[in-house]
Amino acid sequence: EAGVAQSPRYKIIEKRQSVAFWCNPISGHATLYWYQQILGQGPKLLIQFQNNGVVDDSQLPKDRFSAERLKGVDSTLKIQPAKLEDSAVYLCASSLGLAGYEQYFGPGTRLTVT
Amino acid sequence: QKEVEQDPGPLSVPEGAIVSLNCTYSNSAFQYFMWYRQYSRKGPELLMYTYSSGNKEDGRFTAQVDKSSKYISLFIRDSQPSDSATYLCAMTFHSGGYQKVTFGTGTKLQVIP
């Protein structure tokens, strides 16, 4: 079974630029999560989708971050404009249902904002 | 006070030692308790999850939950250098039709050969 795929793996941008990350979840997984993991911290949930609907985006900085999950499969997370404090690893995870206790993570995208 | 507290370590042990990793929490509504392992520059990998108080064993790993004390532990027996990683605890509670997840900050473990 293929795992969660993410791209790119690394990205370096200057502040005020925009960036987009892509995630392809495990086939058949209805729930998709985007997390931000700052160095030395645990993952922080940014947004959770059930199929193509948003379940939880309470911690998403909506003035600069946006995410979509078209057709309930792939998802993109965008930052525009980026700030220095956005430097982090952006993790995508998926699970079969809404239970949340059995999530499968991708390798992450390491973002550096200079 | 954070909802989930986890000692960041680092924790350094000799090969073969028994390792104890711990988390405390403040939200009594947490229902599921998970342990993830994260190798450097990789995504977290689910090790185990439990629902109720008590112990759950999987090979060299044992997860323990004490809801009365709001305390969970992961024990690793006969630790191996390949166990060197960051261990994240995570917990969920029911909110609006789904389980809301909160992660600890992670404990970095190094097993010395």
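Since the model is a prediction, treat every value here as computed from it, not as a measurement.

**Side note on the overall build of chain A**
Looking only at helices and strands, one finds 0 helices and 11 strands in chain A. When its helices and strands are written in sequence order, chain A yields β-β-β-β-β-β-β-β-β-β-β. Summarising its shape, the C-alpha atoms of chain A cover approximately 35 × 25 × 25 Å along the three principal directions. Expressed as a percentage of its 114 residues, the buried residues of chain A come to 46%. Look at the contacts in chain A between residues 6 or more apart in sequence, and 54% of them connect residues 24 or more apart. Accessible surface, chain A as shown: approximately 5,400 Å² in total, 51% of it carbon and sulfur. For chain A, the distance from the average position of its 12 positive side-chain charges to the average position of its 10 negative side-chain charges is 6 Å.

**Considerations on the sheet that holds strand S7 (residues 61-66) of chain B**
All names here are of chain B. Ordered by their spatial adjacency, 5 strands build an open sheet running S1-S3-S8-S7-S6, and the pairing between neighbours is antiparallel. Each edge of the open sheet is held by one strand with a lone partner, namely strand S1 (4-6) and strand S6 (54-58). Strand-to-strand twist in this sheet, taken as the mean axis angle between neighbours without regard to direction, amounts to 20°. Of the pairings in the sheet, the one linking S6 to S7 comprises 5 bridges and is antiparallel in character. The residue of S7 that forms the bridge with Asp58 is Phe61.

**What to know about the interface of chain B and chain A**
With 20 residues of chain B at the contact, the number on the chain A side is 23 residues. Of the roughly 1,700 Å² buried at the junction of chain B and chain A (both faces included), carbon and sulfur atoms supply 55%. Among the residues of chain B in contact with chain A, Arg41, Tyr98 and Phe103 of chain B are the three that bury the most area, contributing 32% of the side total. Counting across the interface, chain B meets chain A through 1 salt bridge. At the surface where chain B touches chain A, the tally comes to 4 residue pairs in polar contact (both at pLDDT 80 or more). By residue number, the principal contributor to the side of chain B that touches chain A is strand S10 (residues 98-103) of chain B, which donates 5 residues.

**Structural notes on the pairing of strand S3 (residues 19-24) of chain A**
Residues and elements named next belong to chain A. Taking every second residue as pointing to the same face, the buried face of S3 carries Val19, Phe21 and Cys23, while none of Ala20, Trp22 and Asn24 on the other face is buried. Bridging between strand S1 (residues 5-7) and S3 involves 3 bridges; their strand directions are antiparallel. If you follow Ser7 over to S3, its bridge partner there is Trp22. Alignment of S3 against strand S8 (residues 75-79), held across 5 bridges, turns out to be antiparallel. Bridging across to S8, Val19 finds its partner in Ile79.

**Some thoughts on the layout of surface pockets**
Looking at the largest pocket, its volume works out to about 770 Å³. Along its surface, the largest pocket is lined by 33 residues, and Leu39, Gly40 and Arg110 of chain A together with Ser40 and Arg41 of chain B are the ones closest to its centre. Mapped by element, the contributors of at least two residues to the lining of the largest pocket are strand S9 (88-95) and strand S11 (109-113) of chain A together with strand S9 (85-95) and strand S11 (107-112) of chain B. Looking at the lining of the largest pocket residue by residue, the class counts come to 13 nonpolar, 15 polar and 5 charged. Taken as a whole, the second largest pocket spans an internal volume of roughly 380 Å³. Lining the second largest pocket are 18 residues, with Pro43, Lys44 and Gln59 of chain A together with Thr102 and Phe103 of chain B positioned closest to its centre. Every element with two or more residues in the lining of the second largest pocket is listed here: strand S4 (31-37) and strand S5 (44-50) of chain A together with S10 of chain B. If you tally residues by element for the lining of the second largest pocket, the top one is S10 of chain B, at 4 residues. Each residue belonging to the lining of the second largest pocket can be placed in one class, and the counts come to 7 nonpolar, 7 polar and 4 charged.

**A few points about the state of the cysteines**
Residues and elements named next belong to chain B. Scanning the model with the defined rule gives 2 disulfides over all chains in all. Here Cys23 engages in a disulfide with Cys89; their sulfurs sit 2.0 Å apart. Torsion about the S-S bond of the Cys23 and Cys89 cystine: about -105°, corresponding to left-handed handedness. Of the two residues, Cys23 is situated in strand S3 (residues 19-25) and Cys89 in strand S9; the sequence distance between them amounts to 66 residues. Accessibility classification places Cys23 together with Cys89 in one group, the buried group.

The rules behind the values
- Residues numbered from 1 in each chain as written.
- Chains lettered and ligands numbered in written order.
- Predicted model: local features only at pLDDT ≥ 70, side-chain atom pairs only at ≥ 80, totals over all residues.
- Heavy atoms only, no water.
- Helix = DSSP H or I, 4+ residues; strand = E, 2+ residues; numbered from the N terminus.
- Buried < 20%, exposed > 50% of the residue type's maximum accessible area, 1.4 Å probe, protein only.
- Contact = heavy atoms within 4.5 Å.
- Areas by Shrake-Rupley, 256 points an atom, 1.4 Å probe, with all protein chains shown as cover.
- Lys, Arg positive; Asp, Glu negative; His and termini not counted.
- Charge placed at Lys NZ, Arg CZ, Asp CG, Glu CD.
- Pairing = 2+ DSSP bridges.
- Axes fitted to C-alpha atoms, helices over the stretch in contact; angles between N-to-C directions.
- Buried area = accessible area lost by both parts, 1.4 Å probe.
- Salt bridge = Lys/Arg side-chain N within 4 Å of Asp/Glu carboxyl O.
- Polar contact = N/O pair within 3.5 Å; in protein donor to acceptor, adjacent residues only side chain to side chain.
- 1 Å grid on protein atoms, 1.4 Å probe; cavity = no way out; pocket = protein on both sides within 12 Å on 5 of 7 lines; lining within 4 Å.
- Points joined across faces, edges and corners; volume = space filled by probe spheres on them.
- Nonpolar A, V, L, I, M, F, W, Y, C, P; charged D, E, K, R; others polar.
- Disulfide = S-S within 2.5 Å.

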